[in-house]
Amino acid sequence: VQLVESGGGLVQPGGSLRLSCAASGNMFSINTMAWYRQAPGKERELVAYVTSGGSTNVADSVKGRFTISGDNAKNAVYLQMNSLKPEDTAVYYCHFLVTMATNEYYYWGQGTQVTVSS
């Protein structure tokens with residue numbers, strides 16, 4: 001399974017970006033799709049996740065500003081980021097937890113840089 005991300009970039013405070021991540025590969029079923037981020041000198045943290053059933057959860061630090069959505073038919077997950085702040089600057093990684101045969105596996109995207117600066 002390969003994950004390909006897109007949508008990062010440089011944006012001014014208060015601006016918006018939309019991240020996308022699509023999976024391809026052998027037959028699998030998606031359990032959860034998530035976005036993590038890692039700022040310089042900090043640990044990677046969970047930003048938001050969505051289950052195959054459509055349940056979502058977002059971190060308190062981005063609640064009300066970020067929205068996660070998934071498209072199981074396209075094996076894709078999106079992160080709509082509004083009202084961006086400088087502290088949102090980080091490398092953002094998508095993460096898929098999938099089932100193949102009877103085993104669970106997790107995969108990471110390559111990461112996309114998001115920089116919020118004036």
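Everything quoted here is computed from the prediction, not taken from an experiment.

### Overview of unusual backbone geometry
At step 1: Its identity as a non-glycine residue notwithstanding, Asn75 has a phi of 50°, on the positive side.
At step 2: Within the secondary structure, Asn75 is located in the loop between strand 7 (66–71) and strand 8 (76–81).
At step 3: The phi dihedral of Ala101 is positive, around 60°, even though this residue is not glycine.
At step 4: Structurally, Ala101 can be placed in the loop between strand 9 (90–100) and strand 10 (103–108).
At step 5: You can call Ala101 exposed: its relative accessible area is 75%.

### Details of the environment of Leu97
At step 1: Mapping Leu97 onto the fold places it in strand 9.
At step 2: For the pair Leu97 and Cys21, spaced 76 residues apart in sequence, the C-alpha separation works out to 13 Å.
At step 3: If we skip the residues at most four places from it in the chain, Leu97 touches Ser29, Ile30, Asn31, Thr32, Glu104, Tyr105 and Tyr106.

### What to know about the environment of Arg44
At step 1: By the secondary structure assignment, Arg44 is in the loop between strand 4 (29–38) and strand 5 (45–51).
At step 2: The exposure class assigned to Arg44 is partly exposed, which follows from its relative accessible area of 33%.
At step 3: Distance in space between the C-alpha atoms of Arg44 and Gly64 is 21 Å, their sequence separation being 20 residues.
At step 4: Every residue in contact with Arg44, bar those within four places of it in the chain, is listed here: Tyr36, Arg37, Gln38, Tyr93 and Trp108.

Reading guide: rules and limits
- Residues numbered from 1 in each chain as written.
- Predicted model: local features only at pLDDT ≥ 70, side-chain atom pairs only at ≥ 80, totals over all residues.
- Heavy atoms only, no water.
- Helix = DSSP H or I, 4+ residues; strand = E, 2+ residues; numbered from the N terminus.
- Buried < 20%, exposed > 50% of the residue type's maximum accessible area, 1.4 Å probe, protein only.
- Contact = heavy atoms within 4.5 Å.

Everything listed is a geometric property; what it means functionally is a separate question.
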